[in-house]
Amino acid sequence: MSNNSTKILFLTTLIRGIFITISSNSWLGAWIGLEINLLSFIPIMSRNENIFTTEASLKYFLVQALASSVLLFLIISKTIIEDIFSLINSQLSRIIMRTPLLLKGGAAPFHWWFPSVIEGLTWRNCFILITLQKIAPLILISYLIKISVFYSTIIVLSVMIGSIGGYNQISIRKILTYSSINHIGWILSAILLGENIWLMYFSIYSFLTLTIISIISPFQISFINQTFLFNNDNPTLKFLLFTSLLSLGGLLPFLGFLPKLLLYSQPTSCGKKEKKFEPRLQLESLWIQNQNASIIYVRIEITTHPFNIHYIAVKKQYLEQSHRKMKSTICVSCSYEQRPIRSSHI
C-alpha cells in the first residue's frame, strides 16, 4: 500500500512539474518545472528487484542533468549579459537555447541515450517517457520556433533515423523508441504550422501508443516473436494490436494517417507564396521517410495478424505430433535396453 501511495505521490508531482513549466512566464520558472518533473520521474523508474531499471534511471538522470545545467547556464547568461546574449533577436542564441530542449526530448541527433534507457524500463514507465516527458520540452521549443536550416536539419534527421533505425530491431521497446524519434520529427514540423495541429498530432500519437502498450503489457511481451503467445481464442485483441500498429505507422485509412494528412495539406493554405516553399519541400521529404517507417509496422503486423491463428494451430498440432513420436521412440529404445539378455548354451 505504501509503495502504491508513493508512486501516486511522485506521479502527481511529475504532472505538477509539467504544468509549472507550461504556465511559467519566465525561463527560470520553466527550468524549475523541468527539474521537479525530472526528480519525480527518477523514483518512479527505479525498482529494487530489477538492476536494469537502476541503470536506466542513472543514465536518464545524467543526460537530463546535463541538459538542465546547460539550460540554466543559458538562462543566467541571458540575465547577466542581455545585450550580448539576446535570446529574442539572435538566431545563434535560439539555436543554442533549443539544443538542451531537443536533448531532453530525444530528437535526433541527440537521441543516443533514448534506446538504451527505454530498454530497461517497464511498459508503464516506457509510456511515461515516450509521451508525458516530452510535453514540457516541446512546449518550450514552440516558444523559440522559427524556420531555419538548423531546425529543418533536426526535423529531417529525426524522421530519417527514426524510420531507418527500426529496420533490424526485434525488440518492441526499441521499435517504439525509434517510432517516437520519427514522430518527434513530425511534431517539430507541426509546431511550425500552429499550436492546434501539433497538439492534435501529439494527442493521437499518445492514444495509439497507450493502446499498444495496454495490449502488450499484460502478456509481458518484449520481442516480436513473442506475439505468438497471445491467446488464440481472442482474435479481437490481435486485430486491435494489428490496427494500432498500422495506425501508428500512418497508413491509410487508420487514425494515425489523419494528422499527417492535415500536416501535409496545411502549407498549401498559407498566405504568402514565399512561406509555402520551405515547409512544403520539408514535408515532402518527411512523407517519403514515412513510407520507409511504415515497413517496420507491416513487418510486425505479419507476426501479429489475426488471421495467423490457423497457422499457429497447425504448427502447434505438428509440434505435439512430433513430441509424441519422439516420446514413443524413446520408450521403445528404453524397453529394448532393459530386456534381459538370454545366455546361449552350446
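Residues numbered from 1 in each chain as written. Predicted model: local features only at pLDDT ≥ 70, side-chain atom pairs only at ≥ 80, totals over all residues. Heavy atoms only, no water.

1. Side note on the packing of helix α4 (residues 91–105) against helix α8 (residues 149–164)
What counts, and what does not: To obtain an axis, a line is fitted to C-alpha atoms, over the contacting stretch when the element is a helix, and the angle between two such axes runs from 0 to 180 degrees between their N-to-C directions. Numbering of helices and strands starts at the N terminus; helices are DSSP runs of H or I of at least 4 residues and strands are runs of E of at least 2. Small angles under 35 degrees read as roughly parallel and large ones over 145 as roughly antiparallel, with 65 to 115 read as roughly perpendicular and the rest as oblique. By definition, any crossing whose near helix is turned counterclockwise from its far helix by less than a right angle is left-handed, and any crossing with a clockwise turn is right-handed. Contact definition: two residues touch when any of their heavy atoms are within 4.5 Å. Just so you know the grouping, Ala, Val, Leu, Ile, Met, Phe, Trp, Tyr, Cys and Pro go in nonpolar, Asp, Glu, Lys and Arg go in charged, and all remaining residues, Gly too, go in polar.
Two elements in contact, α4 and α8, have axes separated by 11 Å at closest approach and are oriented at 20°. On the basis of their axis angle, the class for α4 and α8 is roughly parallel. Seen along the crossing, α4 lies across α8 with a hand that is right-handed. Residue-level inspection shows I95, R98, T99 and L102 of α4 in contact with α8, the latter providing F150, Y151 and I154. When grouped by side-chain class, the residues that make up the contact of α4 with α8 number five nonpolar, one polar and one charged.

2. Brief notes about the packing of aromatic side chains
Any two aromatic rings considered together are summarised by their centre-to-centre distance and by the angle between their planes. Going by this rule: When the centres of two rings from Phe, Tyr and Trp lie within 6.5 Å, Trp using its six-membered ring, the rings pair. Their planes under 30 degrees apart give stacked, over 60 give edge-to-face, and anything left gives tilted. Cation placement over rings: the criterion is NZ of Lys or CZ of Arg within 6 Å of the ring centroid and within 35° of the ring normal.
For the structure shown, the criterion picks out four aromatic pairs. Aromatic ring contacts, followed pair by pair, group F41, Y60, W113 and F114 into a single cluster. It is R173 that lies over the ring of W123; its NZ or CZ is 4.3 Å from the centre.

3. A word on the nonpolar core
For clarity, the threshold we go by: In this text, buried Ala, Val, Leu, Ile, Met, Phe, Trp, Tyr and Cys residues form a nonpolar core when linked through side-chain atoms within 4.5 Å. Using a 1.4 Å probe on the protein chains alone, a residue whose accessible area is under 20% of its type maximum counts as buried, one over 50% counts as exposed, and one in between counts as partly exposed.
With 75 residues, the main nonpolar core has Y60 and L188 as its most contacted residues. In this view, Y60 contacts L38, F41, I42, M45, W113, V117, L129 and Q133; residues no more than four positions away in its chain are not counted.

4. Remarks on helix α2 (residues 27–45)
The test is simple: Helix span, expected: 1.5 Å multiplied by one less than the number of residues in the helix.
Taking 1.5 Å of rise per residue, the 19 residues of α2 would be expected to cover 27 Å, and the 27 Å separating its terminal C-alpha atoms lies within 8% of that figure. Counting buried positions over the 19 residues of α2 gives 14, a clear majority of the element.

5. Re the packing of helix α9 (residues 172–191) against helix α10 (residues 195–216)
The relative placement of two packed helices is expressed as an angle between their axes plus a distance between the axes. At a minimum axis separation of 9 Å, α9 and α10 run at an interaxial angle of 170°. Here α9 lies roughly antiparallel to α10, going by the angle between them. Taking contact as the criterion, the partners of I172, L176, S179, S180, H183, W186, I187, A190 and I191 in α9 are, on α10, I197, W198, Y201, F202, Y205, I213 and I216.

6. Observations concerning the side chain of T209
One can find T209 in helix α10. Looking at T209, the relative accessible area reads 2%, which means it is buried. What T209 contacts, discounting residues up to four positions off in sequence, is F127, I130 and L248.

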